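A closer look at the structure
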Amino acid sequence: MGSQEVTSWQGRNVTVAGLGVSGVSAARALAGLGASVTVVDGGSSESHHERAAALEAEGISVRLDDAVTLPEGTDLVVTSPGWKPDSPLFAAAAAAGVDVVGDVEIAWHLRGPDAAPWLGITGTNGKTTTTQMLASILTAAGLRTAAVGNIGTPIVDVVLEGDDAYDVLAVELSSYQLHWAPSLRAHSATVLNLAPDHLDWHGSMEAYAADKGRIYEGNQVACVYNVADPATEDLVREADVEEGCRAVGFTLNAPAPSQLGVVDGILVDRAFVPDRQKQAQELAEISDVKPPAPHNIANALAAAALARAYGVPATAVRDGLRAFRPDAHRIEHVADVAEVAYVDDSKATNTHAAEASLAAYASIVWIAGGLAKGATFDELVTKSAKRLRGVVLIGADRALIREALARHAPEVPVVDLDRTDTGAMSEAVRQAARLAEPGDTVLMAPACASMDMFTNYNKRGDAFADAVRELGASA
């Protein structure tokens, strides 16, 4: 398939890799367009069999417990985002001369001639929040839109609603999805930031960055980059864009021409104004951004830049940011107990996200730990040491953080909880309360994944909130 336009799916033999949400969506869509579809998955659990039965009832073939063998006659493989590029199935496809693409590539080809343009968002952290902020701003402008892609409704399903269903789409794209979407050409797009993540999947930081950078390919109006993260601007320079497309930066400082930034507590635009050298358009106040943590203000500026690239008025930026409410477990204030604030940032599953969260508060008792995913913590501890009143460590890889603290912040008191049961969170909160003083923030920003102790980061955040409520009831 590659970047070739598809005129008909009738009679094509398509293998869909993965029985998850995006795989099921793609399988149903292509079968509905006349393709002969086989779904393959290495799992064989009860839930796998239930999903397989539902698809088979619709005439879609499913093969479980075998993610290696390429079905005979396959002329296209559509992969779910999580499947690694070196999967044996893809090696078999390459040997047979069969293209491998993702659900985003399929969605792009299913668009009609008058389809809604895409505003693309990617980055190591902040993708979902920025995408939702953008959708809120677009809605405030009276546009029919949705936050889709790596969040919400599968992008294939959205596209199949028809060209006239939306005016514009806010599309969150992961590095996995971008890897498998060579044809994507967004109206405008942003890479919010770049930090080491998913390197086991991509193989190297260079490969990871290159996949993120694909979002800029073919941009029509604006490539939005992070002034504080030069690697994102480098990706803009490397991209092949349409003539007239501009590089637009966002910064927490006063903006230069062709940038959005902050002046005296006001978010301002010096990119989408008639005279960028002399003019600046006020967009919103910092207090309109919730929560007004530095990295969240950066998210708001990126969302505003994409909206302005699409022609949205300044008042809609303000109204959209005011209306936006972040998802749970993203710098979420849970409660104040004994003049100490308790904040849940369970979504901070890597060091880059935790660093941004820690930078938002002056005096912190930090609850951290979990599955490190190969991360190191020296840089994070060095940058955050002066803010730390104390640290409570939980989870399987807590020793890595403890050792970094011993090297770079030996004066900070550390409580090392030698347990990984779910009840450890209650003890962690009690120990954090003991270390905290009035005016401090107890911040659960683990810098690690959750699966050693919890099903996902949502469950971890819920456990923290429950523990804080228990603490408040006993205070």
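Below, the structure is looked at part by part. Every value quoted in this text rests on a predicted model; they were computed, and no experiment measured them.

Helix and strand counts for the protein chain stand at 17 helices and 20 strands. A globule of 475 residues ought to have a C-alpha radius of gyration of about 23 Å, and the protein chain, at 23 Å, matches this closely. For the C-alpha atoms alone, the extent of the protein chain along its principal axes is close to 70 × 60 × 40 Å. Looking at the protein chain alone, contacts between residues at least 24 apart form 66% of all its contacts between residues at least 6 apart.

Our next topic: the sheet that holds strand β9 (residues 188-191). Strand order in the open sheet formed by 9 strands is β7-β8-β6-β9-β10-β11-β12-β13-β14, with mixed pairing between adjacent strands. Edge positions in the sheet fall to β7 (147-149) and β14 (281-285), since each has one partner strand and no second. Across the sheet, the mean angle separating the axes of adjacent strands is 25° when strand polarity is ignored. Here 4 bridges tie strand β6 (residues 118-122) to β9, and the two strands are oriented parallel to one another. Paired with Ile121 across the strands is Thr190, a residue of β9. Running at roughly 10° to β14, helix α12 (residues 314-323) makes contact with β13 (266-269) and β14 of the sheet.

Side chains carrying opposite charge are able to pair once their charged atoms draw close together. Within this structure, the stated rule accounts for 22 salt bridges. Here Glu355 and Lys383 are joined by a salt bridge, their closest N and O atoms 3.3 Å apart. Within this pair, whereas Glu355 is found in helix α13 (residues 351-358), its partner Lys383 is found in helix α14 (residues 378-384), the two being separated by 28 residues in sequence. Looking at Glu355, the relative accessible area reads 26%, which means it is partly exposed. Look at Lys383 and you get partly exposed, because its relative accessible area is 41%. As a salt-bridge pair, Lys383 and Glu379 come within 3.0 Å of each other at their nearest N and O atoms. Placement of both Lys383 and Glu379 in helix α14 is noted, with a separation of 4 residues, approximately one turn of the helix.

In this section: the environment of Val21. Structurally, Val21 is set in helix α1 (residues 21-32). Note: C-alpha distance between Val21 and Thr441 (420 residues apart in sequence) is 38 Å.

Cut-offs used in this document
Residues numbered from 1 in each chain as written. Predicted model: local features only at pLDDT ≥ 70, side-chain atom pairs only at ≥ 80, totals over all residues. Heavy atoms only, no water. Helix = DSSP H or I, 4+ residues; strand = E, 2+ residues; numbered from the N terminus. Rg over C-alpha atoms; globule rule 2.2 N^0.38 Å. Contact = heavy atoms within 4.5 Å. Pairing = 2+ DSSP bridges. Axes fitted to C-alpha atoms, helices over the stretch in contact; angles between N-to-C directions. Salt bridge = Lys/Arg side-chain N within 4 Å of Asp/Glu carboxyl O. Buried < 20%, exposed > 50% of the residue type's maximum accessible area, 1.4 Å probe, protein only.

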